[in-house]
Amino acid sequence: MAVKITCPSCHSSVDPSLHNCSQCGVSLGLAVALNNTAFPDMVLSMDVRIAPETLVPRLGELLIERGFIGFEDLEAALDFQREKIAKGEPCLIGQALVELGFVNQYTIDEVVTVQIFELQHKLERTNRELEQRVAERTADLQQALLKLTELNRLKSNFISNISHELRTPLTHIKGYLDILADHSLGPLTTSQENAIEVLLRSEERLEQLIDDLIQFSLAVKGELNLSLEALEVRQLVEAYLPQTLKKAEGKEINLEILLPSDLPRIVADEDKMQWVFNQLLDNGIKFTPSGGTVALSAIQEQDLVNFTISDSGIGIPEERLSEIFRPFHQLDGSVTRRYAGTGLGLAMVHRILEAHGAALSVDSTPGAGTRCMFSLPIAGIDHGG
Ligand SMILES: Nc1ncnc2c1ncn2[C@@H]1O[C@H](COP(=O)(O)OP(=O)(O)OP(=O)(O)O)[C@@H](O)[C@H]1O
Ligand SMILES: [Mg+2]
């Protein structure tokens, strides 16, 4: 039975005496040499002795080129080889040429060695070209990264500049609305008072939005510097409480603040943590239907105070929990979405807590509610830096 080997390129079964694959035409020696993964397969799948010339293409032609044999000699050797193979005796072309006395083994080895060197040289050149291409692509990628970083910087500069610019006229609007609302500019009819109430709420929302954008642009620029101090938790929570209560009452939501009276002070940045509590309570109220409950509780555990902000709201499906920290992303991103917001709140909460060395963990059950938890160190203890 004729011995077959597997072409390392197209994997079809080929006669080992051929220099080129009868199916795909690839030079078998070169393909094996270039395909070092296919080589062991080939060795395993073939039942013939591996000689250097198996790996080297065009041995016969090369011997003719170098004047060691004539064309007729090669023809005769090929016939001889075919006969041997037909008898089930594997025979390489070099072996046939030696057996027929056209060349000696030394010449074969010499020519094969030359070809191996040439192959090696080609491989090295290919490797160098590949390395060069990888280096070029890496440089392209680095360039693209630099561009993106620059664009990102421009974007956050833009957000921060525009936010500061928006704040000034807004302060004027709020000032005049307050004066109007407290009747300093004269008495108001009930409908005028209602209208001003709506204007004030919208102004508050705008102000909040601008604050979020400013915080976000600072965080993106890596300028989220904390000024850490010992703080009373109650004071932190109460900073935004009037607005939070108003929102909760507006939606008929029961707001519970459960702080033990002996809760120790914590180490945190005052403004930023006030903002975090506000955001988490805001989410709780926003994503809880009327009649539900939103609660903030704190409890000391060794050197930490553990905070939990829970709600009995719509919840978050488990497979979407990872999305909630993406900036400018809301789970309901549709045009008809029911909940207002830019999708920045949790992205910022995450960054602020991270800067405090804390992590926000969220667990949620759709239809039942959500719990956001994090811990901050208590004051007066060396927390190791
Ligand atoms: N308590 C919660 N219950 C249910 N879903 C929530 C809750 N908190 C956050 N999510 C989901 O995560 C998304 C991202 O929250 P995030 O606070 O970042 O944005 P937002 O509240 O929509 O807008 P913003 O905070 O900028 O006003 C929300 O849009 C909502 O889909
Ligand atoms: Mg929010």
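About the cut-offs
- Residues numbered from 1 in each chain as written.
- Chains lettered and ligands numbered in written order.
- Predicted model: local features only at pLDDT ≥ 70, side-chain atom pairs only at ≥ 80, totals over all residues.
- Heavy atoms only, no water.
- Phe/Tyr/Trp six-rings, centres within 6.5 Å; stacked < 30°, edge-to-face > 60°.
- Helix = DSSP H or I, 4+ residues; strand = E, 2+ residues; numbered from the N terminus.
- Buried < 20%, exposed > 50% of the residue type's maximum accessible area, 1.4 Å probe, protein only.
- Contact = heavy atoms within 4.5 Å.
- Salt bridge = Lys/Arg side-chain N within 4 Å of Asp/Glu carboxyl O.
- Expected span 1.5 Å × (residues − 1).
- Core = buried A, V, L, I, M, F, W, Y, C linked by side-chain atoms within 4.5 Å.
- Near = heavy atom within 4 Å.
- Polar contact = N/O pair within 3.5 Å; in protein donor to acceptor, adjacent residues only side chain to side chain.
- Areas by Shrake-Rupley, 256 points an atom, 1.4 Å probe, with all protein chains shown as cover.
- Nonpolar A, V, L, I, M, F, W, Y, C, P; charged D, E, K, R; others polar.
- Axes fitted to C-alpha atoms, helices over the stretch in contact; angles between N-to-C directions.
- Parallel < 35°, antiparallel > 145°, perpendicular 65-115°, else oblique.
- Left-handed = near helix turned anticlockwise from the far one by under 90°.
- pLDDT = per-residue confidence, 0-100.
- Pairing = 2+ DSSP bridges.

(A) Fine view of the packing of aromatic side chains. Overall, the coordinates contain 3 aromatic pairs when judged by the stated rule. Centroid distance F277 to F307: 5.2 Å. Interplanar angle 65°. Geometry classified as edge-to-face. On the criterion of sequence distance, the pair formed by F277 in helix α11 (residues 270-286) and F307 in strand β7 (residues 304-311) is long-range, its members being 30 residues apart. According to the relative accessible area criterion, F277 is buried, its value standing at 1%. When its relative accessible area of 1% is taken as the criterion, F307 is described as buried. Centroid distance F307 to F374: 5.2 Å. Interplanar angle 25°. Geometry classified as stacked. In this pair, F307 sits in strand β7 while F374 sits in strand β9 (residues 369-377), placing the two residues 67 residues apart along the sequence. The same class applies to F307 and to F374, which are both buried.

(B) View of the environment of Y339. Along the chain, Y339 falls in the loop between β7 and α12 (345-355). Residue classification places Y339 among the buried positions, given a relative accessible area of 15%. Each residue touching Y339, except ones within four places of it in the same chain, is listed here: K286, F287, I314 and Q330.

(C) Looking closely at the pattern of salt bridges. Per the stated rule, a full pass over the model turns up 10 salt bridges. Here K84 ties to E99 by a salt bridge, and the two come within 3.7 Å at their closest N and O atoms. Here K84 is found in helix α5 (residues 71-86), whereas its partner E99 is found in helix α6 (residues 93-99), with 15 residues between them in sequence. Between R371 and D363 there is a salt bridge, with the nearest N and O atoms lying 3.3 Å from each other. Looking at D363, the relative accessible area reads 34%, which means it is partly exposed.

(D) Spatial organisation of helix α8 (residues 190-220). Compared with the 45 Å implied by 1.5 Å per residue over 31 residues, the 45 Å span of α8 between its first and last C-alpha is a close match. Inspection of α8 places I196, L200, E203, Q208, I210, D212, L213, I214, Q215, F216, S217 and A219 among the buried residues, and these make up the whole buried set. Buried positions along α8 lie against α7 (105-181), α11 and α12. Downstream of α8 by one or two residues, G222 has phi in the positive range, about 70°.

(E) Examining the nonpolar core more closely. With 47 residues, the main nonpolar core has M273, F277, L280, F307, L360 and F374 as its most contacted residues. Here this core takes 7 residues from α11, the largest share from any one element. Among residues more than four places away in sequence, those in contact with L360 are L280, F325, L346, V349, L353, C372, M373 and F374. Ranked by size, the runner-up nonpolar core spans 15 residues in total, among them L62, L74, A77 and I108.

(F) Region of interest: the site of ligand 1. Neighbouring ligand 1 are 20 residues; N283, K286, Q330, T342 and L346 lie closest to it. In the model, an oxygen atom of ligand 1 is placed 3.2 Å from a nitrogen or oxygen of the G345 main chain. In isolation ligand 1 has 590 Å² of accessible area, and contact with the protein removes 97% of it. Secondary structure elements with two or more residues in the shell around ligand 1: α11 and α12. Considering each element in turn, the shell around ligand 1 owes the most residues, 3 residues, to α11. Classifying every residue of the shell around ligand 1 by side-chain character gives 7 nonpolar, 10 polar and 3 charged.

(G) Inspection of the packing of α8 against α11 at higher detail. In contact at an axis separation of 13 Å, α8 and α11 are set at 125° when each is read in the N-to-C sense. Considered as vectors, α8 and α11 are oriented oblique to each other. The two elements α8 and α11 meet at a crossing, and its hand is left-handed. Residues Q208, D211, D212 and Q215 of α8 touch α11, and the partners they reach there are K272, W275, N278 and Q279. Among the residues forming the contact of α8 with α11, the class breakdown is 1 nonpolar, 4 polar and 3 charged.

(H) Geometry of the confidence of the model for the chain. Looking at the chain as a whole, the pLDDT averages 84, with 86% of positions reaching at least 70. Contacts for the low-pLDDT stretch residues 36-50, under 50 throughout, to residues beyond four places or in other chains number 20 contacts.

(I) Broad picture of the side chain of K272. Relative to the helices and strands, K272 resides in helix α11. Apart from residues no more than four positions distant in its own chain, K272 is found in contact with Q215, L224, N225, L226 and I352.

(J) Just the sheet that holds strand β6 (residues 293-301), in detail. Spatially, 5 strands are ordered β4-β6-β7-β9-β8 in an open sheet, and the strand pairing comes out mixed. Taken across any chain shown, the strands that pair with only one partner, and hence form the sheet edges, are β4 (254-258) and β8 (361-365). Adjacent strand axes in the sheet meet at a mean angle of 15° when their direction is disregarded. Where β8 and β9 come together, 5 bridges link them in antiparallel fashion. Considered in β9, the bridge of V362 is made with C372.

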